[in-house]
Amino acid sequence: MKSEQISALVASGESEILEFKSTTGTRREATATVCAMLNQRGGNVLFGVTPEGRVTGQQVSERTLEEVSAEIQRIDPPAFPEIERIPTSDGFEVVAVHVNPGSSPPYQYRGAPYRRVGNTTQTMPTDEYNRMLFERIHNEQRWENQPAVGWSIDDLDAAEIRNTVAEAVRVGRLNEPGSREPEDLLRGLGLIRDGVLFRAAAALFGKTERLECEMPQCLLRVAHFRGFDRSEFLDNRQFNGNAFTLLASAERFLRDTLPIASRFESGQIQRIDEPLYPPLATREALANALCHRDYAMGGGSIGLALYANRLEVTSTGPLPFGLTPDHLFRPHESKPWNPLIARTFYRRGLIEEWGRGTLKMADLTTAAGLPRPEIEEFGNCVTVRFLRADHVTVQQPKGSLTEQQNAILALLHSSDRTLALREIHSLVDSQMNIRRLREDLAILKAKGLVESTGHGRGARWKPL
């Protein structure tokens, strides 16, 4: 770095990634900032620049650099930022410490972790430190990258391995390998080391009979319910197998079960008939569930449930790394719980990388005229819920609601606010017996179609 580059950098002012120190006499405070930058985006610490941004420089000797370096060595785990001397015009020098984002956060300095907030350095809160520590441990040792004890390549589906690599090459996400031997292909996918298979290889390509005995969590449960709850089944099945087998079984169930939605587009005469929920969106949800679920939970599974008014894809395990459902519908960093499995799905062209999957689902459903999917974390599970736009008129089997109850539902759905009992009475049919109206609302509430807030005359109603 040259002196003019220092001037340009200083002109931008202190920030999350830039801190000024007048002299190396403040190296303890500066090293806390280095620690904070390691825990976040990296940055630069400049000695010989006043807090106001005036480049003064200082006298620098080898001992000066040794003292700065010795202080940085107190950071744990060890880090090795670059230290550079930049001459100034008056014969002094600026000492620049260049910090890259750390590869093993969280880092501590003199036993305390730090973070940057704007242009200040602060002690990191305990919950944030614990989360970062958990992420580091998970990165180093997790269920998928442990040896699949007792498993050999003969226990895997060689045809599925070859199909995966061929598709990855076709979509441009893998270079053409020089071999089609399963062991060579697995090595190229990062699923075997020194002849030992990772558990990820078994989850991705294992034969069903062995998975059913030794990894019962490689399970898909599908169900089709008549109404809006689980009181009456139309179909209920389970499938064991590797991740690609389960994905194919889930998609086959949807093809056989999903109703067809018809719509017309402007400027076109012919009707467009498509599955009710966009297949690319449901595939993204299923693939994400298979990639991000917690396989360490032996009783876990993937659930696919079709109701009269919605489709739900559920996977065992919470959202990882501090993510929330709201985060998933905004641009966010991709942090898969099972990166080996997720990377294989990505290479095969089944999921998006860089946190785009949930955004893609939202785009596909809204383009099809459906509400944006919902994501819910509850009971150590994550559920992606697809909603149908016409659920008011088709939620229940024909004849299960009276004409008056359907009229009440239509009114509530057409209103942009909650309605009081007397408002409903006047808008539906002012000649209707108000006592009968109360009874109909109670029936609709019991069926899970409406809800009320408040009590008595102050109650207000809205659809679910």
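Residues numbered from 1 in each chain as written. Predicted model: local features only at pLDDT ≥ 70, side-chain atom pairs only at ≥ 80, totals over all residues. Heavy atoms only, no water.

Asks: Whenever I open this one, helix α12 (residues 339-347) confuses me. Can you help?
Replies: Structurally, the α-helix is built with 3.6 residues per turn, so residues lying three or four positions apart point the same way. Those residues of α12 lying buried are L340, I341, A342, T344, F345 and R347. Lining the buried residues of α12 we find α5 (158-170), α6 (182-188), α7 (199-205), α9 (243-257) and α10 (279-292). Directly beyond the C-terminal end of α12, a positive phi value near 85° is found at G349. (Buried < 20%, exposed > 50% of the residue type's maximum accessible area, 1.4 Å probe, protein only. Helix = DSSP H or I, 4+ residues; strand = E, 2+ residues; numbered from the N terminus. Contact = heavy atoms within 4.5 Å.)

Asks: When you look at the sheet that holds strand β5 (residues 93-99) in this model, what are you seeing that I'm missing?
Replies: Pairing between the strands of a sheet comes from backbone hydrogen bonds, and it takes one of two forms, parallel or antiparallel. Taking strand neighbours across the sheet as the criterion, the four strands line up as β1-β2-β5-β4 in an open arrangement whose pairing is mixed. The sheet terminates laterally at β1 (18-21) and β4 (82-87), the two strands that pair on one side only. When strand polarity is set aside, the average angle formed by the axes of neighbouring strands in this sheet is 20°. Here helix α1 (residues 3-11) sits on the sheet in contact with β1, β2 (43-47), β4 and β5, set at roughly 110° to β2. Along the sheet face, helix α3 (residues 62-72) touches β2, β4 and β5 and points at about 150° away from the line of β4. (Pairing = 2+ DSSP bridges. Axes fitted to C-alpha atoms, helices over the stretch in contact; angles between N-to-C directions.)

Asks: Even after reading the chapter, I still don't get the nonpolar core, so can you show me in this structure?
Replies: Ranked by internal contacts, the top residues of the largest apolar core, which has 67 residues, are L191, F205, L304 and F345. For F345, the residues in contact, after removing those within four places along its chain, are L204, A243, F244, L247, A287, L290, C291, L350 and I351. Ranked by size, the runner-up nonpolar core spans 22 residues in total, among them A32, C35, L65 and Y114. (Core = buried A, V, L, I, M, F, W, Y, C linked by side-chain atoms within 4.5 Å.)

Asks: It is not clear to me how the environment of E183 should be interpreted in this structure. Could you clarify?
Replies: By the secondary structure assignment, E183 is in helix α6. Assessed through its relative accessible area of 32%, E183 is described here as partly exposed. Sequence spacing of E183 and G195 is twelve residues, and the spatial spacing of their C-alpha atoms is 8.1 Å. If we skip the residues at most four places from it in the chain, E183 touches I153, I192 and G195.

So yeah, pure geometry; function would need other evidence.
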